[in-house]
Amino acid sequence: MITAAQMRAARALLGIDQKTLAELSGLSIPTIQRMESSSGNVRGVVESLTRVITALELAGIELIGEGTASPAGGRGVRLKSSSTTS
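In this report, the structure presented in the accompanying data block is examined. Computed from a predicted structure; not experimentally measured.

What to know about the nonpolar core
Looking at soluble globular proteins, one finds that nonpolar side chains tend to be buried together.
Item 1. Grouped together as the largest cluster of nonpolar side chains are 16 residues, with contacts concentrated most on M7, L21, I32, M35, V42, V52 and L56.
Item 2. Within the residue set of this core, elements represented by two or more residues are α1 (4-14), α2 (18-25), α3 (29-36) and α4 (46-58).
Item 3. Per-element accounting of this core gives the leading share, four residues, to α4.
Item 4. Once you skip the residues sitting within four places of it in the chain, I32 turns out to touch M7, Q18, L21, A22, S25, L27 and V52.

Now the structure itself:
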């Protein structure tokens, strides 16, 4: 699963806009906008979610799940849980 925040962060790391992500994933710009405006996990058609995730991974993004290690190395960011940021 991917969150809206992860989608926006992934685009920022790649330096691409919503239009470019739409082109890379074969989806429409309104679909990308709708996905990114979700709160929490992105909800939508499974095929659309899969296309976005595949496009991001092919562009060099590694999506890291909650509590999951990142074995591939490289630069990245992770949002700390709210209980550890206080």
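Past the structure itself, the notes keep going.
Description of α4
Item 1. With 13 residues, α4 ought to run about 18 Å at 1.5 Å a step, and its terminal C-alpha atoms sit 18 Å apart, in line with that.
Item 2. The set of residues buried in α4 consists of S48, L49, V52, A55 and L56. Along the axis of α4, the buried residues cluster in a sector spanning 130 degrees; they form a single face. Among the exposed residues of α4, those oriented more than 90 degrees off its buried face are V46, E47 and L58.
Item 3. Count one or two residues on from α4 and you reach G60, which has phi positive near 110 degrees.

With respect to the environment of V42
Item 1. Residue placement: V42 occurs in the loop between α3 and α4.
Item 2. As a C-alpha pair, V42 and Q6 span 36 residues in sequence and 9.5 Å in three-dimensional space.
Item 3. Residues in contact with V42, not counting those within four places in the same chain, are M1, I2, T3, A4, M7, M35 and L49.

Examining the side chain of S48
Item 1. Positionally, S48 belongs in helix α4.
Item 2. The buried category is assigned to S48, whose relative accessible area is 13%.
Item 3. If we ignore the near neighbours within four places in the chain, the residues touching S48 are L27 and M35.

Criteria and cut-off values
Throughout this description, residue numbers start from 1 for each chain and increase along the sequence as written. Selection of residues for local features in this predicted model requires a pLDDT of at least 70, selection of side-chain atom pairs for listing and counting requires 80 or more, and totals for whole chains, interfaces and linings are taken over all residues. Note: side-chain values were computed over all heavy atoms of the structure, leaving out hydrogens and water. Take the buried Ala, Val, Leu, Ile, Met, Phe, Trp, Tyr and Cys residues and link them wherever side-chain atoms come within 4.5 Å; each set so joined is a nonpolar core. Residue burial is assigned from relative accessible area. The probe radius is 1.4 Å, only protein chains are included, and a residue is buried under 20% of its type maximum, exposed over 50%, and partly exposed in between. Put simply, DSSP H or I for four residues or longer makes a helix, DSSP E for two residues or longer makes a strand, and each gets a number counted from the N terminus. It only takes one pair of heavy atoms within 4.5 Å for two residues to be counted as in contact. In this scheme, a helix's expected span is set at 1.5 Å multiplied by one less than its residue total. Arc definition: it is the arc formed by the directions from the helix axis to the C-beta atoms.

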